[in-house]
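Take a look at the letters that make up each chain.
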Amino acid sequence: MDAAVNTLTSKAELAFAETFERVKAELPGAEQVLVRELRSEAIRAFARTGLPNRRVEEWKYTDLYARLDDAFGPLVGDGVEVRRDDVLGALGARLAGLDCHLIVLVDGRLAPGLSDLDFLGDRGELLDMAAALAAPPAWLEARLADGESAAQNAVLYLNTALMSDGVALRVAAGASVEKPIHIVHLHAAKTPVGISTRHVMVLEKGARASVLESHVGLSTTPAQHNVASDVSLAEGAVMHHLKIQREAEGATHLSTWRIALAESAAYDAFQFVGGSGLTRNEIHLGFAGENARADVNGVFMGASGQHIDTTMFVDHAVANCQSRMLFKGVLDDEARGVFQGKIMVRQAAQKTDSKEMVQGLLLSERAEFDSKPELEIFADDVVCGHGSTSGQIDEDLLFYLRARGIGELEARSILIQAFAGEALELIANETIREALGETVRGWLAQRVA
Amino acid sequence: MLKIENLHVEVDGQKILDGLDMEVPKGEVHAIMGPNGSGKSTLAYVLAGKEDYVVTEGSITWNGDDILELSPDERAAAGVFLAFQYPVEIPGVATMTFLRTALNAIRKARGQDELNTPDFMRLVRERAEALKIEPDMLKRPLNVGFSGGEKKRQEVLQMALLEPSLCVLDETDSGLDIDALRIVSEGVNALRSPDRAMLVITHYQRLLSYIVPDRVHVLSAGKIVRSGDKELALELENSGYAEYGEAAA
């Protein structure tokens, strides 16, 4: 590697660089020119930037440099043997009962025996990313090589350099996948592990699909997850995209979603965070064609010392598009929630209609919620709004419920559920909505009671 | 019997009730009238147990039990019900779920079994119909988007379901048109019973033409300054509250 520009200093930064040198020959696609180039370019870029610290504006509240004290390498050897029942058990009964096409990655490796990879037939392609990187089809190569993203930061550099597996999905023009494609990211390793996963999802013209990414664990040993999903929707494509994050507290979860929407595309997303000690979920939404619409909502729940950061960049580059964001956070103990939502409306993006709302509910005086909505508007005929609130349970509502005979703990629980419920009810899939409702109740049963 | 003796209450360090005495025997309906700021709503909140309403002196007993020792939910279980002047909207809480949770909490506290779903549905439907509450209203989140009249009917519906023994109605007539006032009053009158005491708080005599009280009390500057029968309400309607500290409009 290029020592001249190496600015890496911390233990974690150096460990990332060393890990790359150690494993690069075994990473998938090592023989493939494009992939090899992408990886070495990415690690060079990482060497220039290092991990972002709080002096980098977008990382003001989440100082990755300070927070990552080490970097773990990818899984070596055979790994833990996982049966289907283990996967279903980790998901919980409700989610396990979801009528879906199941794809399972265990510690970052796609497990063919646990996964349904053949359901698409002539409706498109669904590839094991590790294999696809060695010989990427043209559509995948185009996505991998597309560097035009605002998401070029250290987290994504590391993901590109170290990506080991994932799912490459192409839904053919006009095709429709009715059942959700459920990608389970299962952490089972008994030793600390670093997992870099890359998904690429391409929906061609008029295609429809629903994808759920769930992150669950059988193991409580420390793990570092770096997962990136690159989504592109062609004209008139429709996608539901959900994420459920319920890893153990020893996990660090860094995630980047990058979504490109062509004309009249419709994208509807939900992110639920109820796990991991440290979470940074970035969502980059780019409108590239008119009359497209995106709804991105979420709920995050943190306790003890959890740190949950959701950072959105919405780029309205063209006219007549609509975006809606609603995020709700419940924070107890010393948990800290961060929401940054930047909406950029470029000069050409007339008639943009964008609304962003984020609300934090603090259950403890030590909990903290930092919210930074940002609007940058260069067009003059737009409707844009953002709102942010942070507060405790409304005493008047609590009194009303108690005056009807409902005990204090139950009344609190009802109000917290109602708070989260306003966002949860935006999930179209009933099973997923109910599963998350149950997760929220379970979380509350541990906290409030 | 509701017995209030020498009740002194402060809110934010400010004295609102200043030695209030009154008794409401079972089976009777008493009205409390008075100018704005005389302490009417404070009395309602103190009876229901709202925090920040500090009782500095005096006592309140219901059927001989000191209710000041009880939390709001314990008071509800003991039979106290406040129909709020401004019922809160609770987005995300389905009306039916709320009604069922409240009813079962109170039944449980009273040592009764929880109602099963069909029985519960039947009960709500029956009580809602009497109050001309559309089934559609019950499907919405609690009070969200309800009109003033709908909110008040919802309060009376809750009262009819929870079957309290002490009903406190705080300005239940405010914001009601004449039709809604009649429906709500009929709902309240249907609940009059020998085992139940009612305290009807109102600024105007109008409501008392529909819910005819056994006694009328005038509250002024935190005290009952006059008591009489239902004719007192009519007299106040004509003379106004000028002599009780409120300037004529």
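Remember, predicted model here, so these are calculated numbers, not experimental data. (Residues numbered from 1 in each chain as written. Chains lettered and ligands numbered in written order. Predicted model: local features only at pLDDT ≥ 70, side-chain atom pairs only at ≥ 80, totals over all residues. Heavy atoms only, no water.)

Turning our attention to the interface of chain B and chain A. At the interface, 31 residues of chain B touch 18 residues of chain A. Summed over both sides, the interface between chain B and chain A buries roughly 1900 Å², with carbon and sulfur atoms accounting for 69% of that surface. Where chain B touches chain A, the interface holds three salt bridges. Where A:R402 meets B:D73, a salt bridge forms, and the shortest distance between an N and an O atom there is 2.9 Å. In this assembly, chain B and chain A are joined by seven residue pairs in polar contact (both at pLDDT 80 or more). Elements with a contribution of two residues or more to the side of chain B that touches chain A: α1 (40-48), α2 (72-77), β6 (80-83), β7 (90-94), α3 (95-109) and α6 (148-162) of chain B. (Contact = heavy atoms within 4.5 Å. Buried area = accessible area lost by both parts, 1.4 Å probe. Salt bridge = Lys/Arg side-chain N within 4 Å of Asp/Glu carboxyl O. Polar contact = N/O pair within 3.5 Å; in protein donor to acceptor, adjacent residues only side chain to side chain. Helix = DSSP H or I, 4+ residues; strand = E, 2+ residues; numbered from the N terminus.)

This part takes up the pairing of strand β10 (residues 197-202) of chain B. Residue and element names in this part refer to chain B. A large share of β10 lies buried, amounting to six of its six residues. Examined bridge by bridge, strand β3 (residues 29-33) and β10 share five bridges and lie parallel to one another. Bridge pairing links I32 to I201 in β10. Pairing analysis gives five bridges linking strand β9 (residues 166-170) to β10, with the strands arranged parallel. In the strand pairing of β10, L166 is matched with A197. (Buried < 20%, exposed > 50% of the residue type's maximum accessible area, 1.4 Å probe, protein only. Pairing = 2+ DSSP bridges.)

All names here are of chain A. According to the domain assignment, chain A consists of domain 1 (3-289) and domain 2 (394-449). Where domain 1 abuts domain 2, roughly 1100 Å² becomes buried across the two surfaces, and 76% of that area is made up of carbon and sulfur atoms. When the buried surface of domain 1 facing domain 2 is broken down by residue, R94, F270 and F272 rank first, second and third, together holding 51% of it. The tally of links between domain 1 and domain 2 comes to two salt bridges. Of the charged contacts in the structure, one is a salt bridge between E438 and R94, with a shortest N-O distance of 2.8 Å. Our count for the domain 1 to domain 2 interface comes out at two residue pairs in polar contact (both at pLDDT 80 or more). Secondary-structure elements contributing two or more residues to the side of domain 1 that touches domain 2 are α5 (93-96), β9 (238-245) and β11 (266-273). The biggest single contributor to the side of domain 1 that touches domain 2 is β9, with three residues. Of the residues that constitute the side of domain 1 that touches domain 2, the class distribution is eight nonpolar, one polar and two charged. (Domains from an automatic or database assignment. Nonpolar A, V, L, I, M, F, W, Y, C, P; charged D, E, K, R; others polar.)

Now for helix α2 (residues 33-49) of chain A. Residues and elements named next belong to chain A. Taking 1.5 Å of rise per residue, 17 residues should cover 24 Å, and α2 covers 24 Å from first to last C-alpha, within 8% of that figure. Elements that come into contact with the buried residues of α2 comprise α1 (11-23), α6 (129-134), α7 (138-145) and α8 (154-162). Capping of α2 at its N-terminal end is provided by Q32; its side-chain oxygen lies 3.0 Å from the backbone amide nitrogen of L34. Where α2 terminates, the next one or two residues include G50, which has phi positive at roughly 65°. (Expected span 1.5 Å × (residues − 1).)

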